[in-house]
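Commentary on secondary and tertiary structure
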Amino acid sequence: MPVDIHRDTTGQRADYTIDQNWDAYTAEEHAVWATLFQRQVRLLKDRVVPVFLDHVDGLAMAGDGIPDFRRLNDILHKATGWTVVAVPGLVPDATFFEHLANRRFPSTCFIRKPEELDYLEEPDTFHDVFGHVPLLLDPVFADYMQEYGKGGLKADGQGALKRLARLYWYTVEFGLTRTPDGLRIYGAGIASSAGETVFALEDRSPNRVAFDLERVMRTDYRIDDYQETYFVIPGFRSLMKATEADFTPIYARLDELADIPSGAVTDGDHVLNFGTGKYHRERQRQTA
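So, here's what we can say about the structure. (Residues numbered from 1 in each chain as written. Predicted model: local features only at pLDDT ≥ 70, side-chain atom pairs only at ≥ 80, totals over all residues. Heavy atoms only, no water.)

1. Remarks on the pairing of strand S6 (residues 229-233)
- Burial of S6 is extensive: five of the five residues sit out of reach of the surface.
- Bridging between strand S3 (residues 176-179) and S6 involves two bridges; their strand directions are parallel. Bridge pairing in S6 places Leu176 opposite Val232.
- Direction of pairing for strand S5 (residues 207-210) relative to S6: parallel, over a ladder of four bridges. (Buried < 20%, exposed > 50% of the residue type's maximum accessible area, 1.4 Å probe, protein only. Helix = DSSP H or I, 4+ residues; strand = E, 2+ residues; numbered from the N terminus. Pairing = 2+ DSSP bridges.)

In structure tokens, the structure reads:
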């Protein structure tokens, strides 16, 4: 993927990292963070997996402005060995995987404009930092992210990036999980979006399907609208266990099968019926 430049890249290094240059943020940029932060913290209460907001507090994120990566890393690295590294925008796949495999999370530095609060075509620092970084304090999820990076480096040489991209999309970005109190969000793409925070849990239109690795790897996804299907995990440990096998034979097997449209329900799907943010019932649903 080409790098999309948003900040001065004079100091860009070979691994695409740059300095965050925190002192250069304007008052308007800090105000945008504050608006987004305060709105999401309010919306996510009782909608996000409980540890998420605990980790927001643990990282000392606040509604007064964009976090300084140096301060985040003082806390994060001591806890799980991860660091946040600044990048100018999108980076090549191999570079992205290399960072994750070495417990470095690449984050953009730019933040959206005030007129873009509700929609942005690509990730900004609010999505990357608020959406992704809190769960890197969770030891199991932190390990999952590293293993994903290692798997990406391997898949890059097997022509299987499409399969692995779908796994990232439907877990790290748009994953849901079951808790004793009902369905909850953990994916960063939902947690950083006011509209999708509500839609993912409370709208009756999307499919909410129990996670199955091969089903996820076969399923297309949408980048221009809310998701038509969300995959639901029982918890982070179950996700780690479901994805710890060698994917090589899985890739070969899936190459013989057709892809599944993003909004389809297939024979054998374990469809979970929600619609108010609470777990109601579940049943087997099959296509006609």
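2. A few points about the packing of aromatic side chains
- In the structure shown here, the tally under the stated rule is 20 aromatic pairs.
- Ring centres of Phe199 and Tyr230 lie 6.5 Å apart, and the angle between their planes is 55 degrees; this geometry places the pair in the tilted category. With Phe199 in helix H9 (residues 194-202) and Tyr230 in strand S6, the pair connects residues that are 31 residues apart, well separated along the chain. (Phe/Tyr/Trp six-rings, centres within 6.5 Å; stacked < 30°, edge-to-face > 60°.)

3. Remarks on unusual backbone geometry
- Notably, Ala60 is not glycine yet its phi reads approximately 60 degrees, a positive angle.
- Along the chain, Ala60 falls in the loop between helix H2 (50-58) and helix H3 (69-80).
- Assessed through its relative accessible area of 58%, Ala60 is described here as exposed.
- At Arg103, a position not held by glycine, the phi torsion is positive, near 60 degrees.
- In this fold, Arg103 is placed in the loop between helix H4 (93-101) and strand S2 (104-108).
- In this structure Arg103 comes out as buried when scored by relative accessible area, which is 14%.

4. Side note on H4
- Every buried residue of H4 is listed here: Thr95, Phe96, Phe97, His99, Leu100 and Ala101.
- The inward-facing, buried residues of H4 contact strand S1 (83-87), S2, helix H6 (139-155) and helix H7 (161-173).
- Arg103 lies just past H4 and shows a positive phi near 60 degrees. (Contact = heavy atoms within 4.5 Å.)

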